[in-house]
Amino acid sequence: MTARPKKSFGQHFLHEKRYIESIVSAISPKPADVVVEIGPGEGALTLPLLAAAGKLTAIELDTDLIPDLKVRAAAVGQLEVIHADVLKVDFTSLARERGVDKLRVAGNLPYYISSPILFHCVEHAGAIEDMHFMLQKEVVDRMAAEPGSKVYGRLSVMLQLVCRIEPLFEVPPGAFRPPPKVDSAVVRMVPLPPERLPQADPARLYAVVKAAFAQRRKTLSNALKQVMDAEAIKSADVDPKARAEALSPADFVRLAQVPVQ
Ligand code: SAM
């Protein structure tokens, strides 16, 4: 409980009860759920989640935190801690090992790798029922941004194409020990069913979205020069003079569907 938080592991431990309660109630774990927590730390969320679900799998990189966590969890429920970097954990295999189709994933994420964690989880979206994450508020704003917004970009498009993004509530720095320098927010992400997923080659889609936002002030015909020409852009029913920030996620899918010459 009194470990010195490690900056290198992005450790900001949540201590304010009302936010802990709000997160657990947003997740609302049921005994049949297989809940996986990323970065349990000192157990602020782990113990109440465990109390609600009866069992929990937690993935923690910092070995120093694990023994104490296990001791405190023993009286509450069945906790399994996987000592690993979450980016190396195969959620699809984990669901299979746990005998379920879908996992419920949650965590107060280490902010230094929050985007890689989001993309890693989304790669395994087929094995995930939902995700509840604490992130920097600025990241949640970008995830949920709509076309035309200043913060609409690559993260918004790539995540909205595969998940429903639902910002839930904000959390101030004082709710953590030590307080981070930024405001935080909790977001719910629900993977879309297979029939609503983009019908485009993922590598091509990634390349088009990346190029379009790499030079977001430029028109698409300029920004996409290396990827497709103005005629190809028009054939997707998109205006080559438009800028990336004006396009909907569906527009990007149509651009990625244009056959490569
Ligand atoms: N859940 C706790 C809470 O809310 O108080 C701790 C949250 S703290 C922001 C992030 C946690 O993620 C820390 O326990 C940290 O050690 C862990 N962590 C950092 N990098 C990680 C990684 N690559 N894989 C798994 N856990 C990681």
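All values derive from a computational prediction rather than experimental measurement.

### Details of the packing of aromatic side chains
All told, the structure shown has two aromatic pairs when counted by the stated rule. For the pair Tyr152 and Phe213, a centre-to-centre distance of 5.9 Å together with 80° between the ring planes defines the contact as edge-to-face. Note that Tyr152 is positioned in the loop between α6 (137-144) and α7 (154-160) and Phe213 in helix α8 (residues 202-214), a separation of 61 residues in sequence. Of the two residues, Tyr152 and Phe213, both sit in the buried class. Ring centres of Phe213 and Phe252 lie 5.5 Å apart, and the angle between their planes is 35°; on these two criteria the pair is classed as tilted. Taken together, the positions of Phe213 in helix α8 and Phe252 in helix α11 (residues 249-257) put the pair 39 residues apart, joining distant regions of the chain. Exposure remark for Phe213: the relative accessible area of 10% places this residue in the buried category. Given the relative accessible area of 0%, Phe252 is considered buried.

### A short note on the nonpolar core
Ile38, Phe91, Phe133, Leu135, Met143 and Met189 are the most contacted members of the largest nonpolar core, which has 34 residues in total. Apart from the residues lying within four places of it in its own chain, the contact partners of Phe91 are Val36, Ile38, Ile59, Val86, Leu103, Val105, His120, Cys121, His124 and Ala127. Core analysis: the second largest hydrophobic core is formed by 28 residues, Val157, Met158, Val208 and Leu224 among them.

What counts and what doesn't
Residues numbered from 1 in each chain as written. Predicted model: local features only at pLDDT ≥ 70, side-chain atom pairs only at ≥ 80, totals over all residues. Heavy atoms only, no water. Phe/Tyr/Trp six-rings, centres within 6.5 Å; stacked < 30°, edge-to-face > 60°. Helix = DSSP H or I, 4+ residues; strand = E, 2+ residues; numbered from the N terminus. Buried < 20%, exposed > 50% of the residue type's maximum accessible area, 1.4 Å probe, protein only. Core = buried A, V, L, I, M, F, W, Y, C linked by side-chain atoms within 4.5 Å. Contact = heavy atoms within 4.5 Å.

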